[in-house]
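Notes for the structure review
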Amino acid sequence: MTESKDILTLEDIRQLVDLFYERVRADALLGPIFEERIQDNWARHLEIMYRFWQTVLLGELTYQGSPGAKHITLPVGGEHFEKWLSIFNTTVDELFNGSKATEAKWRAARMAEMFAGKIALYQKNNTTIL
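Computed from a predicted model, the values in this text were never measured in an experiment.

**Some thoughts on the packing of helix α1 (residues 10-26) against helix α3 (residues 42-58)**
- Two elements in contact, α1 and α3, have axes whose closest approach is 9 Å; the angle formed by their N-to-C orientations is 130°. The orientation of α1 with respect to α3, classified from their angle, is oblique. Crossing of α1 over α3 shows right-handed handedness. Note on element contacts: α3 touches α1 through W42, H45, L46, E47, M49, Y50, W53, Q54, L57 and L58, opposite L10, I13, R14, V17, D18, Y21 and R25.
- Residue composition of the contact of α1 with α3, by class: 11 nonpolar, 2 polar and 4 charged.

Structure below.
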């Protein structure tokens, strides 16, 4: 068994993102939502996620985008974010150990909070009463 190392390179980011999304796609709660939204564009989505985490964790400015607009209409709630974060944290812990690994989990938790709040607000303000 090899000792885990910290997230230090783009290859580390790719390893994390690939295993994380493999698990998300196999998850009964999250998989159908991701499959419906991403469909056959997984290669493109993964490339975006590599660049996003490369920018966030390694400080290499390769991502430019506005992720909020793409997520705001997702049919998700708190349980989805809890599951997403659980899978993310488990994946990080299995692969990496160190300050960047800790930072990745912290940043993911902040993103989950932010997106959950914005989506809940969007859903509240866009519910039609029949």
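**Quick word on the pattern of salt bridges**
- The tally for this structure, following the rule as stated, stands at 9 salt bridges.
- Two residues, D27 and K83, come together in a salt bridge whose shortest N-O distance is 3.3 Å. Taken as a pair, D27 in the loop between α1 and α2 (31-38) and K83 in helix α5 (residues 78-95) lie far apart in primary sequence, 56 residues in all.
- By relative accessible area, D27 is classed as buried at 13%.
- With a shortest N-O distance of 2.6 Å, R107 and E103 are connected by a salt bridge. Note that R107 and E103 are positioned in helix α6 (residues 99-125) at a spacing of 4 residues, about one turn of the helix.
- Since its relative accessible area comes to 30%, R107 is described here as partly exposed.
- What you see here is one network of salt bridges that share partners, running through K100, E103 and R107.

**What about the layout of surface pockets?**
- Approximately 850 Å³ is the volume attributed to the largest pocket.
- In terms of lining, the largest pocket is formed by 31 residues, of which the most central are F34, H45, M49, K70 and H71.
- Among the elements that line the lining of the largest pocket, the one with the most residues is α3, at 7 residues.
- Tallied by class, residues from the lining of the largest pocket come to 20 nonpolar, 7 polar and 4 charged.

**Some remarks on the confidence of the model for the protein**
- On average, residues of the protein carry a pLDDT of 90, and 93% of them reach 70 or more.
- When pLDDT is averaged over each element of the protein, α1 comes out on top at 98 and helix α4 (residues 67-71) at the bottom at 69.

**Quick notes on the packing of aromatic side chains**
- Under the definition given, this model contains 10 aromatic pairs.
- Between the aromatic rings of F20 and F88, the centroid separation amounts to 5.4 Å while the plane-to-plane angle is 80°, which identifies the pairing as edge-to-face. Within this pair, whereas F20 is found in helix α1, its partner F88 is found in helix α5, the two being separated by 68 residues in sequence. The pair formed by F20 and F88 is uniform in burial state, with each residue classed as buried.
- Seen in terms of ring centroids, F52 and W53 are 5.3 Å apart; in terms of plane orientation they differ by 85°. Their pairing is edge-to-face. Both residues of the pair, F52 and W53, count as buried.
- Three or more aromatic residues joined by ring pairs form one cluster here, namely F20, Y21, F34, W42, F52, W53, Y63, W84 and F88.

Conventions and cut-offs
Residues numbered from 1 in each chain as written. Predicted model: local features only at pLDDT ≥ 70, side-chain atom pairs only at ≥ 80, totals over all residues. Heavy atoms only, no water. Axes fitted to C-alpha atoms, helices over the stretch in contact; angles between N-to-C directions. Helix = DSSP H or I, 4+ residues; strand = E, 2+ residues; numbered from the N terminus. Parallel < 35°, antiparallel > 145°, perpendicular 65-115°, else oblique. Left-handed = near helix turned anticlockwise from the far one by under 90°. Contact = heavy atoms within 4.5 Å. Nonpolar A, V, L, I, M, F, W, Y, C, P; charged D, E, K, R; others polar. Salt bridge = Lys/Arg side-chain N within 4 Å of Asp/Glu carboxyl O. Buried < 20%, exposed > 50% of the residue type's maximum accessible area, 1.4 Å probe, protein only. 1 Å grid on protein atoms, 1.4 Å probe; cavity = no way out; pocket = protein on both sides within 12 Å on 5 of 7 lines; lining within 4 Å. Points joined across faces, edges and corners; volume = space filled by probe spheres on them. pLDDT = per-residue confidence, 0-100. Phe/Tyr/Trp six-rings, centres within 6.5 Å; stacked < 30°, edge-to-face > 60°.

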